[in-house]
Amino acid sequence: MPAILFLLASGILLGPLTGWLNPDELFGDLLFPFISLSVAVILFEGSLTLKREEIEGHGRVVRNLITLGVLILWGLVAVLTHYVIGAKWPIAFLFGAIMTVTGPTVIMPMLRAVRPNQNIANILRWEGILVDPIGAILAVLTFNVILASQLGSGISEILWVLGKMIGAGLVIGGGAGYVWGLVLRRYWVPSFLQNVATLLVVFAVYALADLIEGESGLLAVTIMGVWLANTRSLHIDEILDFKESLSILLISGLFILLAARLDVGQLRAVGWPALLVLLGIQFVARPLKIFICSIGSKLKWQEKVALAWIGPRGIIAAAISAVFALRLEQQGFPEAAFLVPLAFVIIAGTVVLQSLTAGPLARALNVADPEPEGVLIVGANTFTQALAKTLHENDFAVLVADTSWDRLRAVRMAGISTYYGTAVSDHAERTMDLSGIGSVFAMTENQDFNYLVCAHFSRDFGRQNVFTLPIYARDETSGNDKEAPAEGIRSRRLFDEQTSLMRLLQLVHRGAVIKTTKLGENFSYDDYLKMNGGERIALVAWNEKGRLVVITPDDEWQPGEGWTIASLHLPSGKDEPGPEPRPEQDEAAA
């Protein structure tokens, strides 16, 4: 389950239930500025992941969702709020505008938990990030219309405010993206300062845009992030890592703080009608928005159903509702007090309901990616060909990458997916399909390249799922610190401590084959180790549910009953391998 559920529960426990945490007393006047700057960082981090090529073929759907879809949801939620809650039309339309946002604060964790297919994930991510500033602008515009109607202001003043908001966001955000991209590309800021400097620039862009017109800062930082993400020859991986870690910290804190501000009395006041509004948004408004905006698209009906179900509200909705409720009450609208508890019901309801059901629904509709138990093998040789065939025959996703077309021939003929090219290239990042892949084996005859592969993929797969092994056994026993890799690019070692790539290649060349052995009630792992006097090298193991585990010397885990072990059986009567061949000898043999 997404951590958001536990964060909300923690906030309610610390705030309304026990009174241990009072955010207003803790932060004072800095509470809402802190929330605003935190949201700006979260939106900027999310927009750094929005690359044009990821949305190819579905750009029209995303455009419809953040334009026509916003208007559809705005109107439907306003009608629900007016007739179910009994709110006056101005307040109802304001709440409808607030509820148009979904947001990366809840979409991203939910996508990681649900793992929908690429079409659904990309659309939800683009919609969640782009709709936040648009929904905020719509809410501000609605708020200004309410005030203008009370003060007797004209339509021209409202249009002027809207123009300043959009203009400030586009000009400042686009200009900042261009200038800061130029600064990063030309290395005018040292690498070790780029993360912090980028954070300060985001704060400055948000503050400058908000200074020109309130609430335009969210649009500015979003435009800046999208601009940087799509700037050629600009590497932002380290910045993205830093911002992602910071966003996780901020999201956690914000959910706890905003849940702690909940007034139980106000929540009781909205009562059961709030649940009817929640059900109306979940079962009527969101599905209508998705199905109307996806007319004429290539999406399957199962994907449309999944998109219609997943649309939780998050930090933006909570923050905006709190700010506008306070301002409207100060302007003589006491009925605006219900905005905060009603928004919290929608946020908590959509998060809880969708967190618990989106995964099973996606799997039932067959639009969820499989568990990432597959393997990307970088380096095609006689051993990796045999290992790839074994994994493929046992229904694991396998992708073999190599720069030699001839070496990949045997893999292709076995019906296994291949990538011809450098696995760490920009082309591979754009085109290599890693669906279902959860581990990386770097097994080329170039140790430095193996380290590079591990360092490259450790960010996406985690260092615990990136493996390699020494080319020669003496590489790890020489004790030469000059040849040892830096700690930052080290990876986990494959198989046992005596195994090297050259030894595996030699054994395969001399007739060793990969066989599978299933453990049972009468045949334990200890029996397996004693069998044949140890004339085997354990490679990987999997259970009946399809979980794959790599046998490594740094893991004391042992397979139990029901597990299957794949091992390299040594040639009979040839226990001791000869001298390790040079890479070119193995290439000739292959």
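About the thresholds
Residues numbered from 1 in each chain as written. Predicted model: local features only at pLDDT ≥ 70, side-chain atom pairs only at ≥ 80, totals over all residues. Heavy atoms only, no water. Helix = DSSP H or I, 4+ residues; strand = E, 2+ residues; numbered from the N terminus. Buried < 20%, exposed > 50% of the residue type's maximum accessible area, 1.4 Å probe, protein only. Contact = heavy atoms within 4.5 Å. Areas by Shrake-Rupley, 256 points an atom, 1.4 Å probe, with all protein chains shown as cover. Pairing = 2+ DSSP bridges. Polar contact = N/O pair within 3.5 Å; in protein donor to acceptor, adjacent residues only side chain to side chain. Phe/Tyr/Trp six-rings, centres within 6.5 Å; stacked < 30°, edge-to-face > 60°. Lys NZ or Arg CZ within 6 Å of the ring centre and 35° of its normal. Salt bridge = Lys/Arg side-chain N within 4 Å of Asp/Glu carboxyl O. Core = buried A, V, L, I, M, F, W, Y, C linked by side-chain atoms within 4.5 Å. Axes fitted to C-alpha atoms, helices over the stretch in contact; angles between N-to-C directions. pLDDT = per-residue confidence, 0-100. Patch = residues over 30% accessible without salt bridge, like charges linked within 9 Å, V, L, I, M, F, W, Y side chains within 5 Å. Parallel < 35°, antiparallel > 145°, perpendicular 65-115°, else oblique. Left-handed = near helix turned anticlockwise from the far one by under 90°. Nonpolar A, V, L, I, M, F, W, Y, C, P; charged D, E, K, R; others polar.

**Concerning the overall build of the chain**
Here comes step 1: For the chain, the helix and strand inventory stands at 24 helices and 10 strands.
Here comes step 2: Looking at the chain as a whole, 52% of its 590 residues are labelled buried.
Here comes step 3: Across the chain, every contact between residues at least 6 apart in sequence was considered, and the portion connecting residues at least 24 apart equals 77%.
Here comes step 4: Just so you have it, the chain exposes about 26900 Å², and 57% of that area is on carbon and sulfur atoms.

**Description of the pairing of strand E8 (residues 536-542)**
Two faces belong to every sheet, and in a regular strand the side chains alternate between them.
Here comes step 1: Of all 7 residues making up E8, 7 are buried, and the element is well covered by its neighbours.
Here comes step 2: Two strands pair when backbone bridges link them, and E8 and strand E10 (residues 564-569) are joined in this way by 6 bridges, in the antiparallel orientation. Across the sheet, Arg 536 pairs through a bridge with His 569, a residue of E10.
Here comes step 3: Relative to strand E9 (residues 548-550), E8 runs antiparallel, the two sharing 3 bridges. Looking at the pairing, Ala 541 lines up with Val 549 of E9.
Here comes step 4: Counting the residues that bridge the hairpin from E8 to E9 gives 5 residues, and of these Gly 546 lies at a positive phi of roughly 90 degrees.

**A closer look at the environment of Thr 81**
Here comes step 1: Mapped onto the secondary structure, Thr 81 falls in helix H5 (residues 68-85).
Here comes step 2: In the structure, Thr 81 is positioned 13 residues away from Leu 94 in sequence and 9.9 Å away in space, judged by C-alpha atoms.
Here comes step 3: Setting aside residues up to four positions removed in sequence, Thr 81 forms contacts with Gly 86, Ala 87, Ala 92, Phe 95, Phe 338 and Leu 342.
Here comes step 4: At 2.7 Å, the side chain of Thr 81 and the backbone oxygen of Val 77 are in polar contact.

**Overview of the packing of aromatic side chains**
Here comes step 1: Following the criterion strictly, the structure yields 10 aromatic pairs and no others.
Here comes step 2: Relative to Trp 309, the ring of Phe 283 lies with its centre 5.5 Å away and its plane at 65 degrees, an arrangement referred to as edge-to-face. Taken together, the residues span a long stretch of sequence, with Phe 283 in helix H13 (residues 264-293) and Trp 309 in helix H14 (residues 301-309) at a distance of 26 residues.
Here comes step 3: Ring centres of Phe 441 and Phe 467 lie 5.7 Å apart, and the angle between their planes is 90 degrees; this geometry places the pair in the edge-to-face category. One end of the pair, Phe 441, is in strand E4 (residues 437-442); the other, Phe 467, is in strand E5 (residues 466-468), with 26 residues separating them in the sequence.
Here comes step 4: Accessibility expressed as a relative area gives 3% for Phe 467, which makes it buried.
Here comes step 5: In this structure an aromatic cluster arises from ring pairing among Trp 74, Tyr 83, Trp 89 and Phe 93.
Here comes step 6: Over the ring of Trp 405 we find Arg 412; its NZ or CZ atom is 3.8 Å from the centre of that ring.

**Here we look at the pattern of salt bridges**
Here comes step 1: Applying the stated criterion across every chain yields a total of 5 salt bridges.
Here comes step 2: Between Asp 24 and Arg 261 there is a salt bridge, and its shortest N-O distance comes to 3.0 Å. Residue Asp 24 is located in helix H2 (residues 23-27), and its partner Arg 261 is located in the loop between helix H12 (237-260) and H13; the two are separated by 237 residues in the primary sequence.
Here comes step 3: Its relative accessible area of 25% is what places Arg 261 among the partly exposed residues.

**Some remarks on the environment of Ile 310**
Here comes step 1: Structurally, Ile 310 can be placed in the loop between H14 and helix H15 (315-330).
Here comes step 2: Counting along the chain gives 199 residues from Ile 310 to Leu 111, while the straight-line C-alpha distance between them is 9.4 Å.
Here comes step 3: Setting aside residues up to four positions removed in sequence, Ile 310 forms contacts with Ile 107, Met 110, Leu 124, Arg 286, Gln 354 and Ala 358.

**Observations regarding the nonpolar core**
Here comes step 1: The biggest cluster of nonpolar side chains holds 124 residues, and the ones touching the most others in it are Leu 94, Met 99, Trp 180, Phe 255, Phe 324, Leu 328 and Leu 339.
Here comes step 2: It is helix H8 (residues 118-151) that contributes the most residues to this core, 16 residues altogether.
Here comes step 3: Setting aside chain neighbours within four positions, we find Leu 94 in contact with Ala 139, Thr 142, Phe 143, Ile 146, Phe 324, Leu 328 and Leu 339.
Here comes step 4: Counting 38 residues, the second-largest nonpolar core is a separate cluster that includes Leu 408, Leu 501, Leu 568 and Leu 570.

**What to know about the sheet that holds strand E7 (residues 513-518)**
Here comes step 1: The strand order E7-E10-E8-E9 describes an open sheet built from 4 strands, whose pairing is antiparallel. Either end of the sheet is taken by a strand with one partner, and the two such strands are E7 and E9. For this sheet, the mean angle separating the axes of adjacent strands, direction not counted, is 30 degrees.

**Describing the sheet that holds E4**
Strand pairing in a sheet relies on backbone hydrogen bonds, with the paired strands running either antiparallel or parallel.
Here comes step 1: Spatial ordering of the open sheet is given by E3-E2-E1-E4-E5-E6, a layout of 6 strands whose pairing is parallel. Both outer strands of the open sheet, strand E3 (417-420) and strand E6 (492-493), are each paired with one neighbouring strand and no more.
Here comes step 2: Pairing of strand E2 (residues 398-402) with E3 involves 4 bridges; the strand directions are parallel. Its bridge partner lying in E3, Asp 402 is registered against Tyr 420.
Here comes step 3: Strands strand E1 (374-378), E4 and E5 of the sheet are contacted by helix H20 (residues 447-461), whose axis makes an angle of about 165 degrees with E4.

**Things to note about the confidence of the model for the chain**
Here comes step 1: Looking at the chain, the pLDDT average stands at 80 and 88% of residues meet or exceed 70.
Here comes step 2: When mean pLDDT is taken per element in the chain, H5 scores highest with 91 and helix H24 (residues 583-589) scores lowest with 43.
Here comes step 3: In the model, residues 575-579 has pLDDT below 50 throughout and makes 9 contacts with residues more than four positions away in sequence or in other chains.
Here comes step 4: Predicted confidence for residues 581-590 stays below pLDDT 50, and this span has 16 contacts to residues more than four positions away or in other chains.

**Observations concerning the side chain of Ser 567**
Here comes step 1: By the element assignment, Ser 567 lies in strand E10.
Here comes step 2: Given a relative accessible area of 0%, Ser 567 falls into the buried group.
Here comes step 3: At 3.4 Å, the side chain of Ser 567 forms a polar contact with the side chain of His 569.
Here comes step 4: Contact partners of Ser 567, with chain neighbours within four places excluded, come to Val 513, Ile 514, Lys 515, Tyr 528, Arg 536, Ile 537, Ala 538 and Leu 539.

**With respect to a nonpolar patch on the surface**
Here comes step 1: On the surface, Leu 68, Leu 276, Leu 279, Phe 283, Val 284, Leu 288, Ile 292 and Ile 295 cluster together into a nonpolar patch covering about 730 Å² of accessible area.
Here comes step 2: Counting residues per element, the nonpolar patch draws most heavily on H13, which supplies 6 residues.
Here comes step 3: Checked against the element boundaries, Leu 279 lands in helix H13.
Here comes step 4: According to the relative accessible area criterion, Leu 279 is partly exposed, its value standing at 42%.

**Here's the deal with the packing of helix H9 (residues 155-185) against helix H10 (residues 194-212)**
Here comes step 1: Across the interface, H9 lies against H10 with an axial gap of 9 Å and an inter-helix angle of 160 degrees. In this view, H9 runs roughly antiparallel relative to H10, as classed from their interaxial angle. Between H9 and H10 the crossing geometry is right-handed. Contacts from Lys 164, Ala 168, Ile 172, Ala 176, Trp 180 and Leu 184 of H9 reach H10 at Gln 194, Ala 197, Thr 198, Val 201, Val 205, Leu 208, Ala 209 and Ile 212.
Here comes step 2: Here the residues of the contact of H9 with H10 are counted per class, giving 11 nonpolar, 2 polar and 1 charged.

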